[in-house]
Amino acid sequence: MLNLNFTPVIDSLDQLLWAATVTLVLGWIGMVVAITVGVVGAALSQMPGRFYRPAVQAFVDIYRGTPLLVQILLFFFVPAALQIDLSPYFVGALAIGLYYGAYIIEILRGAYEAVPRGQIEAARSLGIPALNIFIRIRLPQALAIVISPIAGQFARLQKATSLLSVIGVAELTLRGQFIMTRTYSPIETWLVIAGIYLAMYLVIITGAIWLERRLSVGRR
């Protein structure tokens, strides 16, 4: 029979909550990077010219075609080999931001193409520059219909911060490993950590549902 004793883990709950705060901050920073990369990359893919679209597609293929863990390790070890001193927190947030930015590029590209072509042609006939068409017409409508997919990417990104433990980032998973080693309570430790990750996920999804409803009301 499995006997669980959560007392040693509960005694270390303050450490887990602090590590969860680090995880949240890294997730938000990574998401800001991802959205920035997504918006810029998707915009470039819509620009006229023979260079932009292939360059964006190459970026997407490279990042989506290689494991995130491998990318994190490369981001960490390559600068170190070049004697460039970078914080593992900076490296980690940048790595996950670029990785999920590649996915957001594809989400936004699909959303841009869903904007009625008649609106685009009408704006062009009025002589509105391509950049203004993108910012004032395509981008607002695209963002309004991609809340759910982007929230899903944010939830995945938040969980992916656990991979940053391999480069020494003191986030929730790494702190859990320390507590597990000290308390000899692996099952209890990881159950509590899983509950914290689940709470983060539910907050993100609930917020996305609320925002999507607000935007849908505004479009009526």
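Residues numbered from 1 in each chain as written. Predicted model: local features only at pLDDT ≥ 70, side-chain atom pairs only at ≥ 80, totals over all residues. Heavy atoms only, no water.

A.B. asks: Outline the side chain of Gln 153, listing residues and values.
C.D. replies: Topologically, Gln 153 is positioned in helix 8 (residues 147-160). Other than its neighbours up to four places away in sequence, Gln 153 contacts Tyr 100, Tyr 103, Ile 104 and Ile 107. (Helix = DSSP H or I, 4+ residues; strand = E, 2+ residues; numbered from the N terminus. Contact = heavy atoms within 4.5 Å.)

A.B. asks: Explain a nonpolar patch on the surface to me, and be specific about the residues and the numbers.
C.D. replies: On the surface, Val 70, Leu 74, Val 78, Leu 82, Ile 84, Leu 86 and Phe 90 cluster together into a nonpolar patch covering about 630 Å² of accessible area. In terms of residue count, the dominant contributor to the nonpolar patch is helix 4 (residues 68-81) (three residues). Taking relative accessible area as the criterion, Ile 84 reaches 44% and is therefore assigned partly exposed. (Patch = residues over 30% accessible without salt bridge, like charges linked within 9 Å, V, L, I, M, F, W, Y side chains within 5 Å. Areas by Shrake-Rupley, 256 points an atom, 1.4 Å probe, with all protein chains shown as cover. Salt bridge = Lys/Arg side-chain N within 4 Å of Asp/Glu carboxyl O. Buried < 20%, exposed > 50% of the residue type's maximum accessible area, 1.4 Å probe, protein only.)

A.B. asks: Outline the packing of aromatic side chains, listing residues and values.
C.D. replies: Per the stated rule, a full pass over the model turns up seven aromatic pairs. Their ring planes at 70° and their centres at 4.8 Å tell us that Trp 28 and Phe 154 sit as a pair that is edge-to-face. In this pair, Trp 28 sits in helix 2 (residues 13-46) while Phe 154 sits in helix 8, placing the two residues 126 residues apart along the sequence. Classification of Trp 28 as exposed rests on a relative accessible area of 51%. Where Phe 76 meets Phe 77, the ring centres are 5.1 Å apart and the plane angle is 80°; that geometry is what we call edge-to-face. Relative accessible area serves as the criterion here: at 25%, Phe 76 is assigned to the partly exposed category. Linked through ring pairs, Tyr 99, Tyr 100 and Tyr 103 together constitute an aromatic cluster. (Phe/Tyr/Trp six-rings, centres within 6.5 Å; stacked < 30°, edge-to-face > 60°.)

A.B. asks: Could you give an account of the packing of helix 6 (residues 117-125) against helix 7 (residues 130-145), with specific residues and numbers?
C.D. replies: Between helix 6 and helix 7, whose axes approach to 11 Å, the crossing angle comes to 170°. Judged by the inter-axis angle, helix 6 sits roughly antiparallel to helix 7. Regarding helix 6 and helix 7, the two cross each other, and that crossing is right-handed. Across the interface between the two elements, Arg 117, Gln 119, Ile 120, Ala 123 and Arg 124 from helix 6 touch Ile 133, Ile 137, Arg 138 and Gln 141 from helix 7. (Axes fitted to C-alpha atoms, helices over the stretch in contact; angles between N-to-C directions. Parallel < 35°, antiparallel > 145°, perpendicular 65-115°, else oblique. Left-handed = near helix turned anticlockwise from the far one by under 90°.)

A.B. asks: Explain the pattern of salt bridges residue by residue, including any values.
C.D. replies: Applying the stated criterion across every chain yields a total of three salt bridges. As a salt-bridge pair, Glu 106 and Arg 109 come within 2.1 Å of each other at their nearest N and O atoms. Taken as a pair, Glu 106 and Arg 109 lie in helix 5 (residues 88-114) at a separation of three residues, close to a single helical turn. Residues joined in a network through salt bridges with shared partners are Arg 64, Glu 106 and Arg 109.

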